Number of protein chains: 2
Amino acid sequence: MRKHKVIFQPSGRRGEVEEGKSLIEAAQQLGVDLESICGGKGTCGKCKVRVDEGYFEKDNIDSRMTNLSPITDGEKKFIKPADGENIRLACAAELHGDVKLFVPEKSRAGKQIVRKTARKVTVPIEPAVRKYFVELEKPTLEKTIVGDLERLKAEIEAEYGLTGLSMDYAVLTGLQDVIREGDWKITVSIWMDSEIVKVEPGFVESSLGLAVDVGTTTVAAYLCELTTGEVVRTESMMNPQVPYGEDVMSRITYAMMTEGGLETMQKALIDGLNDLIGRLTANYEMDAKPGGQSIVDMTIVFNTAMHHIFLGLNPVYIGLAPFIPAVQNDLNIKARDMDIGINHASYVHVLPIEAGFVGADNVGVLIAEEPYRMKEKVLIIDIGTNGELLLGNKEHLSSTSCATGPAFEGAQIKFGMRAAPGAIEKVKIDPQTREPVYKVIGKEEWHTEIKGDIEAKGICGSGIIDVVAEMFKAGIIDKSGRMAKDLDTERVRRDHDGKLEYVLAWAKETSIGTDITIAQADVRALQLAKAALYTGAKLMMKKMGIAKVEKVILAGAFGSYIHKKSAMTLGMFPDCDPEKVYAVGNAAGDGAIMALLSRTKRLEARKQARELEYLEIAVEPEFEKEFIQAMHIPHMKDKFPHVKKMLEESGSAVPVKG
Amino acid sequence: MRKHKVIFQPSGRRGEVEEGKSLIEAAQQLGVDLESICGGKGTCGKCKVRVDEGYFEKDNIDSRMTNLSPITDGEKKFIKPADGENIRLACAAELHGDVKLFVPEKSRAGKQIVRKTARKVTVPIEPAVRKYFVELEKPTLEKTIVGDLERLKAEIEAEYGLTGLSMDYAVLTGLQDVIREGDWKITVSIWMDSEIVKVEPGFVESSLGLAVDVGTTTVAAYLCELTTGEVVRTESMMNPQVPYGEDVMSRITYAMMTEGGLETMQKALIDGLNDLIGRLTANYEMDAKPGGQSIVDMTIVFNTAMHHIFLGLNPVYIGLAPFIPAVQNDLNIKARDMDIGINHASYVHVLPIEAGFVGADNVGVLIAEEPYRMKEKVLIIDIGTNGELLLGNKEHLSSTSCATGPAFEGAQIKFGMRAAPGAIEKVKIDPQTREPVYKVIGKEEWHTEIKGDIEAKGICGSGIIDVVAEMFKAGIIDKSGRMAKDLDTERVRRDHDGKLEYVLAWAKETSIGTDITIAQADVRALQLAKAALYTGAKLMMKKMGIAKVEKVILAGAFGSYIHKKSAMTLGMFPDCDPEKVYAVGNAAGDGAIMALLSRTKRLEARKQARELEYLEIAVEPEFEKEFIQAMHIPHMKDKFPHVKKMLEESGSAVPVKG
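Residues numbered from 1 in each chain as written. Chains lettered and ligands numbered in written order. Predicted model: local features only at pLDDT ≥ 70, side-chain atom pairs only at ≥ 80, totals over all residues. Heavy atoms only, no water.

Caption draft 1: Spatial organisation of the overall build of chain A. Helix and strand counts for chain A stand at 16 helices and 27 strands. A total of 658 residues make up chain A; the buried ones form 60% of that total. A fraction of 68% describes how many contacts in chain A between residues 6 or more apart in sequence connect residues 24 or more apart. (Helix = DSSP H or I, 4+ residues; strand = E, 2+ residues; numbered from the N terminus. Buried < 20%, exposed > 50% of the residue type's maximum accessible area, 1.4 Å probe, protein only. Contact = heavy atoms within 4.5 Å.)

Now the structure itself:
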């Protein structure tokens, strides 16, 4: 197979790539950070690269670009004069010779910021793995001769009352030497009072566990001290599966259509987790043992598709009717069987999934928020690329999922991006002047107060929710989302296609060299996303005979930054007293931590996941009608009395009609 | 590191070997079949090779041999003029240049003949792994959506009443596809009514299991149909650990002294087992699936040292006082954790060991012969390089081991060899003429009736027992084992050192070009071995207050060929009615098969191994005295009335004194 030299700037990464590969495959192979929201399907237009040199051998300026496949009509739709010269979509351009490429800042995915934080967990500490210190008598010839394992088990039984223990084979092979190294004193890690998964010489107090929340976009990992329940370190990363598809369906498609695609995505995630484990344990004050091997237990949550891909289960059947998962209940899998770099004899505890698209992450939300103990009728919204809803109380509880689309994560938005440095995350618009102020991730102050460069790069989900809500309150859009034409502000203008747009940041405030604007289409995308959540909740209420929710919990990595008043303004969920709306942060991650620290929580997860009623709402006949109505921004006081009151109090420019 | 070219003839194997390695290491590296009974310690003199060319580059005949280290005094003791020119011991000669070597026939180990056969097993068929055929309902959207695994488990529970099942992770990853490939009909293999270890599309009736007996010298493997209990195929091989030491202690030493020695021996055995599995399953009529993967269960027995080495447990501690094994009870280990090429989710069931040197093989003997059900006081002798003894009845049962030495396996005997083609295995001597007749393995007739070449190559254990017993009966040796000087036969003569020897086969009857003789030292070696067994039995009887054994069972691969009258003539065990002496063949292998076919037998093994009393007899004060007495060949009628009667009836030339 012929290979070509490829260089990516500004990172300087270079290597040899096979003839015919796309530039996005080249970027993946060489580890280049390149945005690819649609997973290489040519529909997002985010993976623009500039071709700086299309040749290496000869200095013929006319043959420039000839080392790539010809530009396609699909590409032409996305490439604008403003992008500059020699721009190609990396997913479409195929390699037929040596090339040198430049990745513009807009196309760089960016290092994900750690924003998922764990709530203080208040469950009793009763982890699945516990450490026991054991002092053995030295054997002598005179005593009845018995094996090291049998003497150890007898001692544990005598001292701690644990009977019928087994020992992992890989632990057994080291037992004799560990016992003698510790001079007949050892520390034993026992899983679920039944299996010895680690032996260490001498007395070891610290016992580490790992809780992981794999989101479609972000993976968060929490290193916990199992003896105290303390979260001692937190790390996160972009889900390494993102290059194979930004959303769940595109990854399922990748698994279906690409030879070895499932294995590739599984390995990418596991390699990424092992990197995370390395970072979490580096220099951790733990007897100088290789970090990952100190971790004796692990829990993990994810949606159903990520769950299947992580486990190497074909996700195809959950993508096709009747949407059958391979397994629903919780699983305990030996870390070594999955090449996960924690103590190799330990288990990875995979929380149960609920159904089709409602996964273990929502079970995490369930056990973290415990709606099954509540009297009040609560609506819990876990916001992500898939929205997952829980509704009910201790009498009855249902779940559903709705395809929110990636708008809340900044995709399908013209200047959308993930919550990374440079992203506009908070916006206010003066109802009179229509002038905005905004905050950028990585800067403390509002943009107007920043000394030096603002360096806005795009706008992330919470910023989009804010700006659209504020545009509504400032009369820039009406209840149908349509932009007003004749406002007295240069911020609202027409783009080169003649469509209206709102300028949120002028080019000079950005690091990308162009104005950051909100297009009419962006407003529409957000309306679609919020309508999906609203419709899901509304139909659930109808099916369950619930007229009014008494409490709303907004969860998700996203949920910790969402501004609940903006969300209410947009009508993202049915009306509720703002005092009873809570943003709880990453409840799925909290659930994973609780399951790590508490066996009761594991049992609760198993039980609650099975008792939950799953509602399939997309097949409901009134779905379409409800959805279209929900596209509107709230305006009827009988439906949204609390929103009406809120808007009135805030001095909104919009008359709220009764 | 410098390397040298090495060629072995007549096999023609060649390769590059590191400077300073011994020729025996070169032979191991290149896979050359070379006898090494002492494990390379320079004490057996069996590894003679002829150096045909000591150089390759230059044609200087005077520099011959200079490419090897100088000949040692130790070598000189073993190398006789009759061996020919340029003979070296492969264990002593070290490589310092290119060499071409010839391995004389006497030095070739030979392919082991399969002599271990399984008794007809009469235990009820209740294997640990059973197959179940399951027909699943096709899932629909309307039904409550549940996972494939959950629906499968529900169906198994409904149809077969098995609850609380788990599924091996590696099986789970294939479940969905197998279910759909079988059009919702599958066959499930379940281990111990608790774990699904295999799923196959459609209906599969055959269920294969493997029972293995790892002897110090020979490994026997039995492929069984678990549904019928039938042994469908048997294969054996030389233990691939033999090159690292012929006996248990030399292998323990190898593990202690050689970097990576334990892993090397473990891998050698497992690789060998995988070869055996390949041979057992080749072309077996099983749905054309890769053979080893059809095997869903496995049992294995061995002595304690082989047990530890197989499991990768450091055997050092069982070689040193107080002789502590790592583990005694039975183990179930995932085949994939040990790289054993059966169904990777299945378990290898390792039978329990008893103590120090009494291993799982003796537990196999125990459950195969069931002395714990007998009224009669029975002595069971498992003959091998280590002798293992069981004594007692259902009231009380004890075990011990005694270092028999390798004489019964043909080592430490001048013309000794293993039971392979060309070995003299049966001998009769005319008491008047002192002329022998013998049978050679691989030929049907006595040697005097063979048309064509006899091609005797050496003498194996049963032949040695026969010939020494017959020499005694013919008056060639006396009760002390000393050879008679002045007999009227050319068969008894002096060797070149002036020592007496008996010529069993003339050079013209052999394929090795020299007479095959029984030296005085050979008689002594046999006396030592039989004295060890006898003393062990006698001291056990004394300790247990048993005056007379009512039954003797001779077990061992060896046991199936031993001629019980010869064994009795030599006084290998305390006197017993010959009608009550049985040779049962490989009882250890039988036990492994029974444990494969019957869960009851597994429980019986666990229970009986623990209830057995282990007697340490080597530390008894009277051991030495008893042992020296036992060196004699029986002659006192009060001690051996049955032997006396037997000899009288057979018309022995020896007057049996009262």
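Caption draft 2: Quick look at the nonpolar core. In terms of nonpolar packing, the biggest core is built from 213 residues, with A:Phe310 and B:Phe310 touching the most fellow members. Leaving out residues up to four positions away in the same chain, A:Phe310 has contacts with A:Gln266, A:Leu269, A:Ile270, A:Leu273, A:Ile300, A:Phe302, A:Met338, A:Ile340, A:Val348, A:Val350 and B:Tyr169. With 75 residues, the next largest nonpolar core counts B:Cys402, B:Tyr502, B:Ala529 and B:Val552 among its residues. (Core = buried A, V, L, I, M, F, W, Y, C linked by side-chain atoms within 4.5 Å.)

Caption draft 3: Main features of the interface of chain B and chain A. Taken together, the contact between chain B and chain A spans 38 residues of the former and 38 residues of the latter. Notably, a salt bridge pairs B:Asp337 with A:Arg336, separated by 2.8 Å at the nearest N-O pair. Put simply, chain B and chain A have 20 residue pairs in polar contact (both at pLDDT 80 or more) between them. Listing elements by their share of the side of chain B that touches chain A, those giving two or more residues are helix H3 (148–160), helix H4 (169–181), helix H7 (304–311) and strand S14 (331–334) of chain B. Looking at the side of chain B that touches chain A, its residues break down into 21 nonpolar, 10 polar and seven charged. (Salt bridge = Lys/Arg side-chain N within 4 Å of Asp/Glu carboxyl O. Polar contact = N/O pair within 3.5 Å; in protein donor to acceptor, adjacent residues only side chain to side chain. Nonpolar A, V, L, I, M, F, W, Y, C, P; charged D, E, K, R; others polar.)

Caption draft 4: Up close: the sheet that holds strand S10 (residues 208–214) of chain B. Residues and elements named next belong to chain B. Strand order in the open sheet formed by six strands is S12-S11-S10-S13-S15-S14, and the pairing between neighbours is mixed. Two strands close off the open sheet at either side, each with one partner strand: strand S12 (230–238) and S14. Here the average twist between neighbouring strands, direction ignored, is 20°. Across seven bridges, S10 lies against strand S13 (residues 295–302) in parallel orientation. Its bridge partner lying in S13, Val214 is registered against Phe302. Set on the sheet, H7 makes contact with S10, S13, S14 and strand S15 (347–350); between it and S13 the angle comes to about 135°. (Pairing = 2+ DSSP bridges. Axes fitted to C-alpha atoms, helices over the stretch in contact; angles between N-to-C directions.)

Caption draft 5: Representation of the relation of the copies chain B and chain A. It takes a turn of 180° to lay chain B on chain A, together with a shift of 0.0 Å along the axis; the resulting RMSD is 0.2 Å. The superposition of one copy onto the other is thereby described by a two-fold rotation axis. Of the C-alpha atoms belonging to chain B, the one lying closest to the rotation axis is found on B:Asp337, 4.4 Å away. Interface overlap between copies is the fraction of interface residues in one copy that are interface residues in the other; for chain B against chain A it reaches 100%, indicating a shared surface. (Least-squares fit on C-alpha atoms with pLDDT ≥ 70 in both.)

Caption draft 6: Inspection of the packing of helix H11 (residues 520–544) of chain B against helix H15 (residues 623–630) of chain B at higher detail. Residue and element names in this part refer to chain B. With their axes 8 Å apart at the nearest point, H11 and H15 run at an angle of 130° to one another. Here H15 runs oblique to H11, going by the angle between their axes. Handedness of the crossing formed by H11 with H15: right-handed. Across the interface between the two elements, Leu528, Lys530, Ala531, Ala532, Tyr534, Thr535, Lys538, Leu539 and Lys542 of H11 pack against Phe623, Glu626, Phe627 and Ala630 of H15. (Parallel < 35°, antiparallel > 145°, perpendicular 65-115°, else oblique. Left-handed = near helix turned anticlockwise from the far one by under 90°.)

Caption draft 7: Looking closely at the state of the cysteines. All names here are of chain A. A complete count under the given rule lists zero disulfides over all chains for this structure. Here Cys47 stays unpaired: no disulfide links it, and the sulfur of Cys91, its closest cysteine neighbor, is 3.7 Å away. The exposure class of Cys47 is buried, given its relative accessible area of 2%. Look at Cys91 and you get buried, because its relative accessible area is 16%. (Disulfide = S-S within 2.5 Å.)

Caption draft 8: A look at helix H9 (residues 360–369) of chain B. All names here are of chain B. Most of H9 is tucked away, with 10 of its 10 residues classed as buried. Taken together, the buried positions of H9 are occupied by Ala360, Asp361, Asn362, Val363, Gly364, Val365, Leu366, Ile367, Ala368 and Glu369. Positive backbone phi, approximately 50°, marks Glu370, located one or two places after H9.

Caption draft 9: View of the environment of B:Ala403. Residues and elements named next belong to chain B. Along the polypeptide, Ala403 turns up in the loop between strand S18 (397–402) and strand S19 (423–429). Separated by 68 residues in the primary sequence, Ala403 and Ala335 have C-alpha atoms spaced 33 Å apart. Once residues within four sequence positions are removed from consideration, Ala403 is found in contact with Thr385, Asn386 and Ala532.

Caption draft 10: Region of interest: the packing of aromatic side chains. Using the criterion set out here, one finds 12 aromatic pairs over all chains in the structure. Each ring, one from B:Phe133 and one from B:Phe203, has its centre 5.6 Å from the other, and the planes form 90°; the classification is edge-to-face. Within this pair, whereas B:Phe133 is found in strand S6 (residues 129–135), its partner B:Phe203 is found in the loop between strand S9 (195–201) and S10, the two being separated by 70 residues in sequence. Between B:Phe302 and B:Phe310 the ring centres are 5.3 Å apart and the planes differ by 45°, which places this aromatic pair in the tilted class. Over the aromatic face of A:Tyr317 sits the side chain of B:Arg180, whose NZ or CZ is 3.9 Å from the ring centroid. (Phe/Tyr/Trp six-rings, centres within 6.5 Å; stacked < 30°, edge-to-face > 60°. Lys NZ or Arg CZ within 6 Å of the ring centre and 35° of its normal.)

Caption draft 11: The sheet that holds strand S19 (residues 423–429) of chain A, seen in detail. Residue and element names in this part refer to chain A. A sheet is described by the order of its strands in space; here three strands give the open sequence S20-S19-S21, paired in mixed fashion. This sheet does not close on itself; its edge strands, each paired only once, are strand S20 (436–440) and strand S21 (458–459). Here five bridges tie S19 to S20, and the two strands are oriented antiparallel to one another. Among the inter-strand pairings, Val427 is bridged to a residue of S20, identified as Tyr438. Its contacts with the sheet place helix H10 (residues 461–473) against S19 and S21, and it is angled at close to 15° to S19.

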